[in-house]
Structures are given as C-alpha cells and as structure tokens.
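# Summary of the model geometry
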Amino acid sequence: MLRMRRTPKDRAAFPTELPSMHIPNGVSPQAYAAHREVLSVLMLRFMTSRLRAMYQAYDGDLTLCLVLGEIASRNTERFYDERRGLQPRSPNAPQPQLLACNALSISEVTGIPRETVRRKLAKLVDLGWIQKTPEDMYVITDKIGDVFAAFDDSQTYDLMHTAEQISNVLQR
C-alpha cells in the first residue's frame, strides 16, 4: 500500500493515528487498556483547561499563541535535549545560544499560511516578545519570561497534577 505524507491539516483531522502509541516503561499495557476511558477524561480536562488559559492569555488569538510557542520551542532546543535529558552546566558556562527560526519554517511546521505567520510575527515584535535578527530570523526576548512566569507556573502545576492523577489510575 502506498503511504502518503500527511500534512498538519491531515494530522488534525485524524489525531489518533499519530504518533504511534508508545506506553511508557513501567506501565502495563493491560492497565492502560483497562483505564483508557478515564485517561481520556483526564487528558480532556487538562487540555481544555490549558486551551482556556491560552485563549484568555492571548485575547482569543490562539494562532498568535501557536506561533510564539513554535518560536520559543525552536529557540530553546539546546536548553534540554530529549534524548539525553537535562545536562548539568557549570556555573560559569555561558547560557546556550537561542536557535533562531523564520516565517517559512513556522508556516511549514504548523500549516498556518505564511502571510498569517508574518502578521503574527509583526504583532509579536510590536509586543516586544520576539525580535527580528538581521538575517530575517526570529528569537524570543527576555520580556516573555516576565510576562508569562505566572502562566508557566500554572501550566506546570496543571501538568503535574494531571500526571499524578494518571499515575494513580494506572496503579489500580
């Protein structure tokens, strides 16, 4: 069978197909299957809570939220390596350099039209949350750390609380 490459729009229409299901180590596939409905409810509550918070924080502009999120994710890739985990740094070591990104890469990864991405980038620059480099690339500014500190704390709490609930369900 010919396997077609899925676009972001295709993945949104069929989210259960991606990514492949990987049950974490230490979790019984039987326990996961037995509690799948409850796990779905917990995830629904978590995601709805987070989407509501994002909607409010970005004055209803979830596209702006997504564009900033993609920039920040790309910029900070060197801060935490998924394969190696947190790598300790010596106190005198310089902060890792931000990895800049451009409008085209954001458009490609999100499926948002490039012109829409450009408008959102201009708004984020006006807000002072990102800056444009001489190479027409974008990086986050220190200002978003101040603006979003409480928001980040709220998200972290929500995630940890949901993870604890999931863990309790899977231990039954």
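Please read all numbers here as calculations on a predicted model, not as lab measurements.

### Remarks on the nonpolar core
Counting 23 residues, the largest nonpolar core has L68, I71, L121, L124 and I130 as its most contacted members. Where this core is concerned, the elements lending two or more residues are helix 3 (36-57), helix 4 (62-75), helix 5 (103-110), helix 6 (114-127) and strand 2 (138-140). Broken down by element, the residue count for this core peaks at 6 residues, all from helix 4.

### Points about the confidence of the model for the protein chain
For the protein chain, mean pLDDT is 85; residues scoring 70 or higher make up 83% of the total. When mean pLDDT is taken per element in the protein chain, helix 6 scores highest with 97 and helix 1 (residues 8-13) scores lowest with 56.

### Some words on the side chain of D61
Structurally, D61 can be placed in the loop between helix 3 and helix 4. Looking at D61, its side chain comes within polar contact range of the side chain of K120, at 2.8 Å. Those residues in contact with D61 that sit more than four places away from it in its chain are K120 and K123.

### Overview of helix 8 (residues 149-170)
Note that an α-helix has 3.6 residues per turn; residues three or four places apart therefore point the same way. End to end, helix 8 covers 31 Å across 22 residues, agreeing with the expected 32 Å (1.5 Å per residue, within 8%). Of the residues making up helix 8, those classed as buried are F151, D158, T162, V169 and L170. Taken down its axis, helix 8 places every buried residue within 100 degrees of arc, on the same side. Away from its buried face, by an angle of more than 90 degrees, helix 8 presents the exposed residues A150, D153, Y157 and M160. On its buried side, helix 8 packs onto helix 2 (29-34) and helix 3.

Here is what the cut-offs are and how they apply
Residues numbered from 1 in each chain as written. Predicted model: local features only at pLDDT ≥ 70, side-chain atom pairs only at ≥ 80, totals over all residues. Heavy atoms only, no water. Core = buried A, V, L, I, M, F, W, Y, C linked by side-chain atoms within 4.5 Å. Buried < 20%, exposed > 50% of the residue type's maximum accessible area, 1.4 Å probe, protein only. Helix = DSSP H or I, 4+ residues; strand = E, 2+ residues; numbered from the N terminus. pLDDT = per-residue confidence, 0-100. Polar contact = N/O pair within 3.5 Å; in protein donor to acceptor, adjacent residues only side chain to side chain. Contact = heavy atoms within 4.5 Å. Expected span 1.5 Å × (residues − 1). Arc of directions from axis to C-beta.

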